[in-house]
2 protein chains.
Amino acid sequence: MAKPHRQHCPVARMLNIVGDHWTWLIVREAFYGVSRFSEFERNTGIAKNLLADRLARLVEDGIFEKRDIGERGTRHAYRLTEKGESLHTVLIAMVQWGNDHIYPDGKVPLTIIERASGKPIKRLQLTSHDGAPLSRFDLAVLPGPGAGRAVRQRLSQISEKS
Amino acid sequence: MAKPHRQHCPVARMLNIVGDHWTWLIVREAFYGVSRFSEFERNTGIAKNLLADRLARLVEDGIFEKRDIGERGTRHAYRLTEKGESLHTVLIAMVQWGNDHIYPDGKVPLTIIERASGKPIKRLQLTSHDGAPLSRFDLAVLPGPGAGRAVRQRLSQISEKS
DNA sequence: TGAATTCGGTTGCGATTTGAAACCAATAGG
DNA sequence: CCTATTGGTTTCAAATCGCAACCGAATTCA
């Protein structure tokens, strides 16, 4: 794949793990319940060598866990770890964006509903600490506890401008 | 870049537009207020030829809009369209995931706060139509108004399993 | 008014990655 | 015991990446 990003930025660092488009299709399949190599292959259309490579990386990065099945087996199940499971919010954000902006006339291929009520879920919304909805213009980005010199400098430049 | 995905899936289709890791760094910069070619270049570390390619694609896909500045200008500003702006939720989801899973001991490089209160924003949460928080196990995926045969078949296979 | 620098690219090139296919050993299923 | 499936690895051509060089127009500097 590509050269890893060295920036101390959660987005850049996340992209080192899940910055590949095949990876997201693999993760999507995992949330559909897929766990076997051949199923990932069939459902995404990825080439075998790439699938093997991506799965190995994802296991190494702690997104998937590889378990043997069948006792004396060369058969495996790839299951999402908790770290992997928590990608769910990002995936849903992607689905919602795709549904909003790709299909004309609301002719979306799939809708996500709450099982219990049968009604569609709400769109993901940024909210303040007390739950009030926020737009991106209500936000500011501050250096966190782990911010180094570079990050601090960068963020101060931004706040100057605005 | 890669061959586009042909699946009728919002995730796959979105990845055709923003499935590249550089693209997300460019979008990140745009949300920081960056609009000029040279600034994108400096702040992301991307090569000039790739930046030119990515920006052209993003303009074509309606994520950015390219405006001339300086009257008789070979100088341009790349600004997010509304379609581009709405990627914000996805980006925030990525930031939150990165902050949660990449930095040990909560030593995150940046925190996102509400400007008005100075307090950190809430984590993005899936909610039902009436606002109750949901986990991914509370959800079901149904074919939408634009679902074709392939999607229907696929989704019915999934519901069989669970 | 020149001279130097910046901006927004394009071109060329070697190194890396991709995608498709062929191949393969082990095992499960009938 | 035979066949198909699983989970890969290998091979190879084509595409892409990343880096550096170059470039014309325009802006800034002296």
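Scroll up to find the structure this text is about.
Residues numbered from 1 in each chain as written. Chains lettered and ligands numbered in written order. Predicted model: local features only at pLDDT ≥ 70, side-chain atom pairs only at ≥ 80, totals over all residues. Heavy atoms only, no water.

Before going further, it helps to spend a moment on the protein's contact with DNA strand D. Taken together, 23 residues are adjacent to DNA strand D, and A:Lys3, A:Lys48, A:Tyr78, B:Met1 and B:Asn49 come closest. Near-protein atoms of DNA strand D (within 4 Å) split between backbone and bases, with sugar and phosphate holding 65%. Between DNA strand D and A:Lys3, the relevant distance is 2.5 Å, taken from a phosphate oxygen to a side-chain nitrogen or oxygen of the residue. A:Tyr78 is positioned such that a nitrogen or oxygen atom in its side chain is 2.5 Å from a phosphate oxygen of DNA strand D. Secondary-structure elements contributing two or more residues to the surface near DNA strand D are helix H3 (37-44), helix H4 (48-60) and strand S2 (75-80) of chain A together with helix H4 (48-60) of chain B. Residues belonging to the surface near DNA strand D are distributed by class as follows: eight nonpolar, seven polar and eight charged. (Near = heavy atom within 4 Å. Polar contact = N/O pair within 3.5 Å; in protein donor to acceptor, adjacent residues only side chain to side chain. Helix = DSSP H or I, 4+ residues; strand = E, 2+ residues; numbered from the N terminus. Nonpolar A, V, L, I, M, F, W, Y, C, P; charged D, E, K, R; others polar.)

Around DNA strand C, the surrounding shell holds 22 residues, and the nearest of these are A:Met1, B:Lys3, B:Arg36, B:Lys48 and B:Tyr78. Counting only atoms of DNA strand C within 4 Å of the protein, the fraction found in sugar and phosphate groups is 64%. Separating a phosphate oxygen of DNA strand C from a side-chain N or O atom of B:Arg36 is a distance of 2.8 Å. Here B:Lys48 contributes a side-chain N or O atom positioned 2.8 Å from a base nitrogen of DNA strand C. Those elements giving two or more residues to the surface near DNA strand C turn out to be H4 of chain A together with helix H3 (37-44), H4 and strand S2 (75-80) of chain B. Within the surface near DNA strand C, the residues separate by chemical class into seven nonpolar, seven polar and eight charged.

A few words now on helix H1 (residues 10-18) of chain A. For an α-helix the count is 3.6 residues per turn, leaving residues at separations of three or four pointing the same way. The buried fraction of H1(A) amounts to seven of the nine residues, a majority that puts the element mostly inside the structure. Every buried residue belonging to H1(A) is among A:Pro10, A:Val11, A:Ala12, A:Met14, A:Leu15, A:Ile17 and A:Val18, and all of these are buried. Check the buried side of H1(A) and you find it contacts helix H2 (21-31), H4 and helix H6 (88-101) of chain A together with helix H2 (21-31), helix H6 (88-101) and strand S3 (110-114) of chain B. (Buried < 20%, exposed > 50% of the residue type's maximum accessible area, 1.4 Å probe, protein only. Contact = heavy atoms within 4.5 Å.)

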